[in-house]
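Structure assessment
The primary structure of each chain is shown beneath.
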Amino acid sequence: MEITDEEKALHYLSHIGYYRLSAYMYPLLSIPKEQHLFKQGVTFGKVMFRAYNTDNQLIIDTVLVSYEICR
């Protein structure tokens, strides 16, 4: 995995945590995944993009479900 900004990566890892981010990294691993090698072109920025979009989609889905229940 390419890390272009080590300081920013360390910030995210220390505040979010490796284990939480690893769930977003898993689909970006090459097969066999047990080797923990990333596909070519994977960057830390892509991992953070996946995390941000996935979390935002979960929040939107939760709000929509809550709204439908309250209606």
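Conventions we followed
Residues numbered from 1 in each chain as written. Predicted model: local features only at pLDDT ≥ 70, side-chain atom pairs only at ≥ 80, totals over all residues. Heavy atoms only, no water. Helix = DSSP H or I, 4+ residues; strand = E, 2+ residues; numbered from the N terminus. Rg over C-alpha atoms; globule rule 2.2 N^0.38 Å. Buried < 20%, exposed > 50% of the residue type's maximum accessible area, 1.4 Å probe, protein only. Contact = heavy atoms within 4.5 Å. Areas by Shrake-Rupley, 256 points an atom, 1.4 Å probe, with all protein chains shown as cover. Lys, Arg positive; Asp, Glu negative; His and termini not counted. Charge placed at Lys NZ, Arg CZ, Asp CG, Glu CD. Expected span 1.5 Å × (residues − 1). Axes fitted to C-alpha atoms, helices over the stretch in contact; angles between N-to-C directions. Parallel < 35°, antiparallel > 145°, perpendicular 65-115°, else oblique. Nonpolar A, V, L, I, M, F, W, Y, C, P; charged D, E, K, R; others polar. pLDDT = per-residue confidence, 0-100. Patch = residues over 30% accessible without salt bridge, like charges linked within 9 Å, V, L, I, M, F, W, Y side chains within 5 Å. Salt bridge = Lys/Arg side-chain N within 4 Å of Asp/Glu carboxyl O.

Quick word on the overall build of the chain
The number of helices and strands found in the chain is 3 helices and 0 strands. Secondary structure of the chain in N-to-C order comes out as α-α-α. The C-alpha atoms of the chain give a radius of gyration of 15 Å, which is well past the 11 Å a tight globule of 71 residues would have. Along the three orthogonal principal directions, the C-alpha set of the chain runs to about 45 × 30 × 20 Å. Per-residue burial over the chain gives 18% buried out of 71 residues. Considering only contacts within the chain whose residues lie at least 6 apart along the sequence, 48% involve residues at least 24 apart. Here the chain has roughly 5,900 Å² of accessible surface; of this, 59% comes from carbon and sulfur atoms. Looking at the chain, you have 7 positive and 8 negative side-chain charges, and the mean spots of the two groups are 7 Å apart.

So, helix α3 (residues 44-70)
Since one α-helical turn is 3.6 residues long, residues separated by three or four positions face the same way. An ideal rise of 1.5 Å per residue puts 39 Å on 27 residues; α3 measures up with 39 Å between its terminal C-alpha atoms. The complete set of buried residues in α3 reads Phe-44, Val-47, Met-48 and Ala-51. On the buried face of α3, the contacting elements are α1 (6-15) and α2 (18-25).

Structural notes on the environment of Ile-60
Considering the arrangement of structural elements, one finds Ile-60 in helix α3. Ile-60 sits in the partly exposed class, given a relative accessible area of 44%. As a C-alpha pair, Ile-60 and Phe-38 span 22 residues in sequence and 29 Å in three-dimensional space.

Some points on the packing of α2 against α3
Packing of α2 against α3 leaves a shortest axis separation of 9 Å and a crossing angle of 90°. Here α2 lies roughly perpendicular to α3, going by the angle between them. Here Arg-20, Leu-21, Tyr-24 and Met-25 of α2 come into contact with α3, specifically with Phe-44, Val-47, Met-48, Arg-50, Ala-51, Thr-54 and Asp-55. Considered class by class, the residues forming the contact of α2 with α3 number 7 nonpolar, 1 polar and 3 charged.

Looking at the confidence of the model for the chain
On average, the chain scores 84 in pLDDT, and the residues at 70 or more come to 100%. Here α3 stands out as the least confident element of the chain, with mean pLDDT 78; α1 is the most confident, with 90.

Here we look at unusual backbone geometry
The amide bond that connects Ile-31 to the next residue, Pro-32, takes the cis arrangement and shows omega of 0°. Note on placement: Pro-32 falls in the loop between α2 and α3. Even without a glycine there, the phi angle at His-36 is positive, about 55°. Counting through the fold element by element, His-36 comes out in the loop between α2 and α3. His-36 sits in the exposed class, given a relative accessible area of 58%.

Thoughts on a nonpolar patch on the surface
Where nonpolar side chains cluster on the molecular surface, the patch consists of Leu-13, Tyr-18 and Tyr-19 and spans about 370 Å² of accessible area. With respect to the helices and strands, the residue Tyr-18 is situated in helix α2.

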